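Here is what each chain is made of, one letter per residue.
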Amino acid sequence: MSRTRQTDNQFTLDLDAPDDTPRQTSQAPELNSLTQLNELLEHWRQAEWIRPLDVAFANLIHSLCKEQGETPEPLVLLLAALASHQVGRGHVCIDLASLLDDADRALAIPPEEGRNGHLSDEQLEVLATLNPAEVLAQVSLSQAMALLENSQAVSDGSHTTPLVLDGTHLYLRRLWRYEQRIAEGIETRLAAQTALENPQGPAAQTLARALDVLFQPQPGVDYQRAACALAARNRFAVITGGPGTGKTTTVVNLLAALQAVATESPDRAGRRFRIRLAAPTGKAAARLNESIGNAVSKLPFTQLPGNVTQEDIPTRVTTLHRLLGSRPDTRQFRHNHDNPLLVDILVIDEASMVDVDLMASVFDALPSHAQLVLLGDKDQLASVDAGAVLGELCQRARKAHYRPQTVKWLNAVSGQSLPDELVDNNGIGLDQAVAMLRKSYRFTEDSGIRQLAEAVNDGTLGANILEQIRTGGFSDVIWLNGHDHRPDPVATLARIARHSVSGSPEAFHNGGNGRIVHGQELSTPTGYRHYLSLIRNHQLGAHSTRAEWDELAREVIGAFNDFQILCALRQGPWGVEGLNELITQQLLAEKLIHSSEGWWYAGRPVLITGNDYNLGLMNGDIGITFRVPWGEPDGERVSLVSRVAFPSGDGTDGIRWISPSRLQQLETVYAMTVHKSQGSEFNHTCLVLPDRMSPVLTRELVYTGITRAKNWFSLITGNPEVLKESTGQQVNRASGLARQLMQR
Ligand SMILES: Nc1ncnc2c1ncn2[C@@H]1O[C@H](COP(=O)(O)OP(=O)(O)OP(=O)(O)O)[C@@H](O)[C@H]1O
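No experiment lies behind these values; they were computed from the predicted model shown.

This brings us to the site of the ligand. Taken together, 13 residues lie around the ligand, and G244, K247, T248, T249 and R442 are the ones closest in. Within the side chain of K247, a nitrogen or oxygen atom sits 2.9 Å from an oxygen atom of the ligand. Between the ligand and T249, the relevant distance is 2.5 Å, taken from an oxygen atom to a side-chain nitrogen or oxygen of the residue. In the complex, the protein chains occlude 68% of the 630 Å² of accessible area that the ligand would expose alone. A total of three residues in the shell around the ligand trace back to one element, the largest contributor, which is helix α13 (residues 247-264). Partitioned by chemical class, the residues of the shell around the ligand number two nonpolar, seven polar and four charged.

Below, the structure written as structure tokens:
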């Protein structure tokens, strides 16, 4: 039964429409003609709620429809613009059912930029009076589906249309293709049988012997050992776990075990696997470089089956863009289906940061026989760009859903007996390749960082733990203004400014002195004064060699990494922009930086915000400005010039000195968004939460912020309620990858 009457260019609702009758509001903006649609889109564009790109996409659909002799429905064009808009906000598609059920929620209205000062009152007024949710309140799901299905701009993907409707999910074709390629890449790998399948076969026996050497016996289930076995068995595997649960340790053991299998395998004639290690950002790659190097140096090579040596396990980690061969001015990589990577095993760390576009490119560039292992923390924020690939793949990780055959195989090869609650007769193929590590080795049982992160992640942040962080009940966590129920914004911001300079060691238990972790005494928590003092007090000059400057830069970059202010927002006094300005003023006042040196003063830390292939700098790279005596001499005087020192990012500890004039997209980085901090960790992390709620404040954001702290964590809130409320909101990215893999 049709619930709508459709006329040219308009739709109206049957008055007696039953069940899925949409909400009616008295003054809802109307969408009865293309003229009305154009006006709406124009208002939203001017209000900077939608992008010019989104309007252009709707216009494109309009033209394509007309070319095919179709008079486009305003609703189809509206949904096209919204689908494009949602991609800009990290969604892979729009789920029409959720959109029409609660459009405010699905479209995150009011937007963050509105609440925090970027949008003017007039712009906000436009959104309030022409609220997209009210426009959509007049539309039912069946009506939307019918109009889309009837449009020539939409198909189920089987022929080339700019929009794809898959169930109730509306995609831009490009995004739908990415998801398809990822799903196909995973599926074909999961379906491939490996030599390890038979637990009694020689390959599995070698693996079992290697696992015995690599993992010490321990009471209870050793989830690292089980993860290692599962990942060895499958051409595609995911190892997920919170901070310090041993993802790196496990993957290094995995690579050693696989090389043992390779060297013992008669049909490989001693040939080792070609292994590559990658991470989405330079920072993440550098961090993995360090930890993997440590882990490889501890491997018991002489006891392993076969004759595996240290050279067989790479320790160099590259960025995914470098690995795939990024090229200037195009999103196409050098390596693709026609020019695959020369690799047998690819490991990608910090996979939560990989968006659907990049992940699809990885699958394109992988030869079909190659094994892919993804590592990451499923509970962290999803990628900045569209998708939440790792999160989706790990949706069922906590309960594992291993089939009885998987459990039997695991027992035979790794000796681990998994608890019954992880067994599921109906587990899907993907479940058999996902392993979750469940014990943190980095944080001790009494660590506040661990307990707070767990409570946030489980959604169990209760009065007890809040009271503990307020009252200094943990030696590693402080809530600097936790007792302030109605913090004064001016005083709170001033406090942030002071804290960012000193790190407030006095606020920690015993002044931060004498904390021993894993047998080592920690140095006290610091703020930015620490690294700036190194710059101010160095003794290098015109006589110094480049190697000496490199050494200084390494030391300063390391010291800068000791502390980082993280925040949720970009704009406004509680966002990156406001806080960077605030902290800069404080550092000037304390004479740690000097305005006489101009914008490129010694000590200015900068974050690269867009890939620069010519300079080899990637989005997320951080450099520190130095004043160096390398200018043209001015008579007798040495002339100082500004140079920004960046870690070389090639797996060595080299330094690149770049002239500021060559740097294109960057920002000062005393404060960084939690999003940007993914893949990094800092000795002391301070999380600043704003004075009111925003759609971006979520459980994942707070969890990611807390877990960036290695040893010390401080919290400052513009309003104490925001902490608890944020953990009640979860990121919900519309996407269909998990659904597709469930169906296959
Ligand atoms: N089974 C284990 N027994 C003892 N120590 C371990 C074990 N596994 C890991 N560790 C130690 O715990 C620390 C964290 O391990 P690792 O770096 O492998 O974890 P991760 O999950 O990769 O960490 P991150 O969160 O930084 O990615 C390291 O010091 C490592 O040596």
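More follows now that the structure is in view.
Before going further, it helps to spend a moment on the pairing of strand β11 (residues 371-376). Looking down a regular strand, the side chains alternate between one sheet face and the other. Here β11 lies mainly inside the structure; six of its six residues are buried. Alignment of strand β7 (residues 236-241) against β11, held across five bridges, turns out to be parallel. Residue pairing for β11: I239 is matched across the bridge by L375. Where strand β10 (residues 345-348) and β11 come together, four bridges link them in parallel fashion.

Glancing now at the sheet that holds strand β24 (residues 709-717). Ordered by their spatial adjacency, five strands build an open sheet running β13-β24-β23-β16-β22, and the pairing between neighbours is parallel. If you trace the sheet from one side to the other, it starts and ends with β13 (477-479) and β22 (671-673), each paired once. Each strand of the sheet is rotated relative to its neighbour by a mean of 25°, with strand direction disregarded. Relative to β22, strand β16 (residues 563-567) runs parallel, the two sharing three bridges. When the bridges of β22 are listed, I565 appears paired with A671. On the sheet, helix α24 (residues 576-589) packs against β16, β22 and β23 (682-689) and is oriented at approximately 165° with respect to β22.

To continue, consider helix α1 (residues 34-46). Relative to the 18 Å expected for 13 residues at 1.5 Å per residue, α1 spans 18 Å between its end C-alpha atoms, a close match to the ideal helical length. Within α1, burial applies to L34, L37, L40, L41 and W44. Take α1 and look down its axis: the buried residues cluster within an arc of 120°, on one side only. When the buried face of α1 is taken as reference, the exposed residues oriented beyond 90 degrees from it are T35 and Q46. Directly beyond the C-terminal end of α1, a positive phi value near 60° is found at E48.

Turning our eyes to something else, we now look at the sheet that holds strand β20 (residues 655-658). Reading across from one edge, β20-β19-β18-β17-β21 is the order of the five strands in this open sheet, with antiparallel pairing throughout. The open sheet has two free edges, formed respectively by β20 and β21 (666-668), since each of these has just one partner strand. Within the sheet, the average angular offset between the axes of one strand and its neighbour, ignoring direction, is 35°. Of the pairings in the sheet, the one linking strand β17 (residues 605-608) to β21 comprises three bridges and is antiparallel in character. By the bridge assignment for β21, L607 is matched with E667.

Moving on to helix α23 (residues 546-560). The terminal C-alpha atoms of α23, which comprises 15 residues, lie 21 Å apart, in line with the 21 Å expected from a rise of 1.5 Å per residue. The elements touched by buried residues of α23 are α22 (529-537), β16, β17, β18 (622-628), β19 (641-647) and β20.

Mapped onto the secondary structure, T406 falls in helix α18 (residues 404-414). The class for T406 is buried, based on a relative accessible area of 3%. Once the C-alpha coordinates of T406 and S642 are considered, the two residues, 236 residues apart in sequence, prove to be 59 Å apart. In this view, T406 contacts L230, R233 and Q432; residues no more than four positions away in its chain are not counted. Of the polar contacts made by the side chain of T406, one reaches the side chain of Q432; its length is 2.5 Å.

On inspection of all chains with the given rule, the structure shows two cavities of 30 Å³ or more. Reported here for the largest cavity is a volume of approximately 60 Å³. Lining the largest cavity are Y223, A226, A227, L230, Y402, L410, L418, L422, A435, M436 and R438. When contributions to the lining of the largest cavity are tallied by element, the ones reaching two or more residues are α12 (223-233) and β12 (434-437). Here the element with the most residues in the lining of the largest cavity is α12; it accounts for four residues. Approximately 40 Å³ is the volume found for the second largest cavity. Lining the second largest cavity, in full, are I608, G610, D612, L615, L617, L663, Q664 and Q665. Residue classes in the lining of the second largest cavity are distributed as four nonpolar, three polar and one charged.

Attention now goes to the packing of aromatic side chains. Following the criterion strictly, the structure yields eleven aromatic pairs and no others. Centroid distance Y528 to Y670: 5.5 Å. Interplanar angle 55°. Geometry classified as tilted. Remark: Y670 occurs in the loop between β21 and β22 and Y528 occurs in the loop between β15 (520-521) and α22; sequence separation between them is 142 residues. Relative accessible area serves as the criterion here: at 1%, Y528 is assigned to the buried category.

Under the local residue numbering, the UniProt record ascribes the feature "binding site: ATP" (unreviewed entry) to G241, G242, P243, G244, T245, G246, K247 and T248. Tracing the sequence through the fold places P243 in the loop between β7 and α13. Setting aside anything within four residues of it in sequence, one finds P243 in contact with D377, S440, R442, F443, Y703 and T707. Position of K247 among the secondary structure elements: in helix α13. Its relative accessible area of 14% is what places K247 among the buried residues.

This brings us to the environment of E184. With respect to the element layout, E184 can be found in helix α10 (residues 173-191). Taking the C-alpha atoms as reference points, E184 and Q740, 556 residues apart in sequence, are found 9.6 Å from one another.

A few words now on the domain arrangement of the chain. Split by domain assignment, the chain resolves into domain 1 (34-167), domain 2 (182-441), domain 3 (448-594 + 670-728) and domain 4 (606-668). Distance from the C-alpha centre of domain 3 to the C-alpha centre of domain 4: 25 Å. Opposite the 20 residues of domain 3 that make contact, domain 4 presents 21 residues. Carbon and sulfur atoms make up 72% of the surface buried where domain 3 meets domain 4, a total of about 1700 Å² over both sides. Of all residues in domain 3, W549, I557 and K676 give up the largest surface area on contact with domain 4, accounting jointly for 33% of the area buried on that side. Taken together, the links from domain 3 to domain 4 amount to two salt bridges. Between R554 and D653 there is a salt bridge, and its shortest N-O distance comes to 3.9 Å.

About the cut-offs
Residues numbered from 1 in each chain as written. Predicted model: local features only at pLDDT ≥ 70, side-chain atom pairs only at ≥ 80, totals over all residues. Heavy atoms only, no water. Near = heavy atom within 4 Å. Polar contact = N/O pair within 3.5 Å; in protein donor to acceptor, adjacent residues only side chain to side chain. Areas by Shrake-Rupley, 256 points an atom, 1.4 Å probe, with all protein chains shown as cover. Helix = DSSP H or I, 4+ residues; strand = E, 2+ residues; numbered from the N terminus. Nonpolar A, V, L, I, M, F, W, Y, C, P; charged D, E, K, R; others polar. Buried < 20%, exposed > 50% of the residue type's maximum accessible area, 1.4 Å probe, protein only. Pairing = 2+ DSSP bridges. Axes fitted to C-alpha atoms, helices over the stretch in contact; angles between N-to-C directions. Contact = heavy atoms within 4.5 Å. Expected span 1.5 Å × (residues − 1). Arc of directions from axis to C-beta. 1 Å grid on protein atoms, 1.4 Å probe; cavity = no way out; pocket = protein on both sides within 12 Å on 5 of 7 lines; lining within 4 Å. Points joined across faces, edges and corners; volume = space filled by probe spheres on them. Phe/Tyr/Trp six-rings, centres within 6.5 Å; stacked < 30°, edge-to-face > 60°. UniProt positions renumbered as here; feature names shortened; annotations may be inferred. Domains from an automatic or database assignment. Buried area = accessible area lost by both parts, 1.4 Å probe. Salt bridge = Lys/Arg side-chain N within 4 Å of Asp/Glu carboxyl O.

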